[in-house]
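# Overview (structure and organization)
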Amino acid sequence: GTQISYGNTFRNTPVPVAGNLQFKALSLGYTFACGLTMNGSAYCWGSNGGKLGDGTTADASSPRLVQGGHTFVQLSSGSGHSCAVTAANDIYCWGSNGYGELGAAGG
């Protein structure tokens, strides 16, 4: 598929997301996107700084696996963070936490 580069580029027609992954859900943040695959893995791509959950801060033009090995059933993204619900009904969040939006102990 065609790769989208960063900068002042855009596509006025749809292009496939790289990686040959099958998604059952999609959630969009301000400058990133996350998808939930058929097997419950979460992948994110776009601007990072921790928003992609892949253990790095590097931007990604193709989907990166969210770390932790969890099986998710639901996914939702805010402006700079995402949260997902596991099959065991636990919630995990990653990304920006400037206002405590991750709900983690210690802010």
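Taken in spatial order, the three strands line up as β5-β6-β7 in an open sheet, and their pairing is antiparallel. Sheet topology places β5 (72–77) and β7 (91–95) at the edges, where each strand pairs with a single neighbour. Strand after strand, the sheet turns through a mean of 20° between neighbouring axes, direction not considered. When β5 meets strand β6 (residues 81–86), the two strands line up antiparallel, connected through five bridges. By the bridge assignment for β6, Q74 is matched with V85.

Our next topic: the side chain of K51. Turning to its location among the elements, K51 is positioned in the loop between β3 (42–46) and β4 (60–65). At 6.5 Å, D59 is the nearest oppositely charged side chain to K51, a buried residue that forms no salt bridge. Of note is the side chain of K51, whose polar atom sits 3.2 Å from the side chain of S47. With sequence-adjacent residues up to four places away left out, K51 is seen in contact with T31, F32, C44, G80, W94, G95 and S96.

With respect to the secondary-structure elements, S76 resides in strand β5. Sequence spacing of S76 and C34 is 42 residues, and the spatial spacing of their C-alpha atoms is 8.3 Å. When residues no more than four places from it in sequence are discounted, the contact partners of S76 are S27, H81, S82 and C83.

Tallied over the full model, the rule gives three aromatic pairs. When the ring of F23 is compared with that of W45, the centres are 5.7 Å apart and the planes differ by 45°; the resulting orientation is tilted. In this pair, F23 is assigned in strand β1 (residues 23–28) and W45 in strand β3, connecting sequence segments 22 residues apart. We classify F23 as partly exposed; its relative accessible area is 28%. When the centroid spacing of 6.1 Å and the interplanar angle of 40° are considered together, the rings of F72 and W94 count as tilted. Placement of F72 in strand β5 and of W94 in strand β7 is noted, with a sequence separation of 22 residues between them. Just as F72 is buried, W94 falls in that class too. Of the aromatic side chains, those joined through ring pairs into one cluster are F23, Y43 and W45.

Criteria and cut-off values
- Residues numbered from 1 in each chain as written.
- Predicted model: local features only at pLDDT ≥ 70, side-chain atom pairs only at ≥ 80, totals over all residues.
- Heavy atoms only, no water.
- Pairing = 2+ DSSP bridges.
- Helix = DSSP H or I, 4+ residues; strand = E, 2+ residues; numbered from the N terminus.
- Axes fitted to C-alpha atoms, helices over the stretch in contact; angles between N-to-C directions.
- Buried < 20%, exposed > 50% of the residue type's maximum accessible area, 1.4 Å probe, protein only.
- Lys, Arg positive; Asp, Glu negative; His and termini not counted.
- Salt bridge = Lys/Arg side-chain N within 4 Å of Asp/Glu carboxyl O.
- Polar contact = N/O pair within 3.5 Å; in protein donor to acceptor, adjacent residues only side chain to side chain.
- Contact = heavy atoms within 4.5 Å.
- Phe/Tyr/Trp six-rings, centres within 6.5 Å; stacked < 30°, edge-to-face > 60°.

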